[in-house]
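Descriptive analysis of the structure
Read off the chains here:
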Amino acid sequence: MTLADQYSSDGCAISFELFPPKTAEGINSLCENVERLMQFNPKYFTCTYGAGGSSQRTTLDVLERVKKLTKLPVASHLTCVGSNTDQLCEYLQRATDIGVDYIVALRGDPPKGSTEFSVTDGGLRYANELVDLIRAKFGDLGIAVAGYPEVHQEAVDAKTDLENLKRKVDAGADIVITQLFYDNADFYRFRDDCVAAGINVPIIPGVLPVTNFKQAQRIAGMCKAAIPASLEAEMTRDDAPEHQFRVGVEHARKQTIDLLENGVPGIHYYVLNKSDAAVELLDGLQLAGQP
Ligand SMILES: Cc1cc2nc3c(=O)[nH]c(=O)nc-3n(C[C@H](O)[C@H](O)[C@H](O)COP(=O)(O)OP(=O)(O)OC[C@H]3O[C@@H](n4cnc5c(N)ncnc54)[C@H](O)[C@@H]3O)c2cc1C
């Protein structure tokens, strides 16, 4: 099934994002959690991609395992960091060879220690160029690109950021998956702006169930996702891990229910290789493919 078709039927199609674990135990625990997440009938799983050889290999190793385990489509994230176009094509070929169905095509963040993204010799500067490359050489792969409800941190302004998003869609992206956000109003504003700008592909909100306040702060700093004052006040009211977990999961559940009521075609969950939070937040909700 094509990536866009995953969102063409009634109901909300969900997907889960994983990252490459560093250890063998990490892979085993990831597989157990993937099996638990299958109860929600996800449409596909994705795995993130980091700069540096070993984690790139692991992205494909993880996806090969997950595909075998679930028989579902899988998506590899891919960034332009540290690779020239030949190396990007080699990766795309390996991905195709092991049965990867979709690519989340990204520019990537500046590597640790640098504040600015720099182009690799013979490489690409922006994600729209990666979409061009995939469309030209690996036309069968579905393509997702990243969108930013709270505006990308390096963007000149919101309007320019949206024009750049449209460039990626015009290059052939099938869907947009958004950066995580904690206030759905940011997503609805972004979705309306996308429609007004002529971006006519499914816009899939990205939701992260935060499970402790320190993590929420770290992620908010990295992704420029503002933590609402009410969530901060409720989370910091008590240091107990169970309290913070419950508040974070309850917030993500409320976000999910509101998104479902507002007719989103799908939701992408940043589950960070875990399943406890997702199992609690999705329990009993009406999603696509659920009886
Ligand atoms: C769903 C999702 C998944 C992610 N997965 C990963 C991952 O696996 N690994 C990882 O390292 N990072 C990942 N990221 C983070 C991402 O790499 C960073 O946010 C990165 O800083 C920007 O990537 P991009 O693809 O959005 O870049 P781009 O779309 O290239 O945009 C980067 C900046 O340049 C501007 N811009 C874009 N195109 C042009 C143009 N043609 N001319 C001028 N300006 C332009 C944009 O407005 C923006 O400010 C993910 C983000 C999301 C939302």
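Everything below is about the structure printed above this text.
Structure report, in brief. Not measured: the values here are computed from a predicted model.

**Topic: the site of the ligand**
Among the 24 residues in the neighbourhood of the ligand, the closest are listed as Tyr-49, Asp-109, Tyr-148, Asp-161 and Lys-168. Measuring from an oxygen atom of the ligand, one finds a side-chain N or O atom of Tyr-148 at 2.7 Å. Here Lys-168 contributes a side-chain N or O atom positioned 2.7 Å from an oxygen atom of the ligand. Those elements that provide at least two residues to the shell around the ligand are β3 (74-79), α4 (127-137), α5 (158-170) and β6 (175-180). Looking at the shell around the ligand, the element that brings in the most residues is α5, giving 4 residues. Taken together, the residues that form the shell around the ligand break down as 9 nonpolar, 9 polar and 6 charged.

**A closer look at the nonpolar core**
Counting 69 residues, the largest nonpolar core has Ile-14, Phe-16, Leu-130, Ile-134, Tyr-269 and Leu-282 as the members making the most contacts within it. Setting aside chain neighbours within four positions, we find Tyr-269 in contact with Ile-14, Ser-15, Phe-16, Glu-17, Val-207, Thr-256, Leu-281 and Leu-282. Residues Ala-144, Val-210, Cys-223 and Tyr-270 belong to the second largest nonpolar core, which totals 28 residues.

Rules used throughout
- The residue count restarts for each chain, going from 1 along the sequence in the order it is written.
- Under the rules for a predicted model, residues below a pLDDT of 70 receive no local features and side-chain atom pairs below 80 are neither given nor counted, while totals for whole chains, interfaces and linings still include all residues.
- Hydrogens and waters are ignored; side-chain quantities use all the structure's heavy atoms.
- Proximity is defined per residue: if any heavy atom of the residue lies within 4 Å of a molecule or strand, that residue is considered near it.
- Any N or O atom pair separated by 3.5 Å or less is treated as a polar contact, with the protein-specific requirement of one donor-capable and one acceptor-capable atom, and with residues adjacent in sequence counted only for side-chain atom pairs.
- Helix and strand assignments come from DSSP, with helices taken as H or I runs of at least 4 residues and strands as E runs of at least 2, each series counted from the N terminus.
- Only Asp, Glu, Lys and Arg are considered charged in this grouping, and only Ala, Val, Leu, Ile, Met, Phe, Trp, Tyr, Cys and Pro are considered nonpolar; every other residue, Gly among them, is considered polar.
- We define the nonpolar core as a collection of buried residues of types Ala, Val, Leu, Ile, Met, Phe, Trp, Tyr and Cys that are connected through side-chain atoms lying within 4.5 Å of one another.
- Note on classification: 1.4 Å probe, protein chains only; a residue is buried when its accessible area is under 20% of the maximum for its type, exposed when over 50%, partly exposed between these limits.
- For this analysis, residues touch if any pair of their heavy atoms sits within 4.5 Å.

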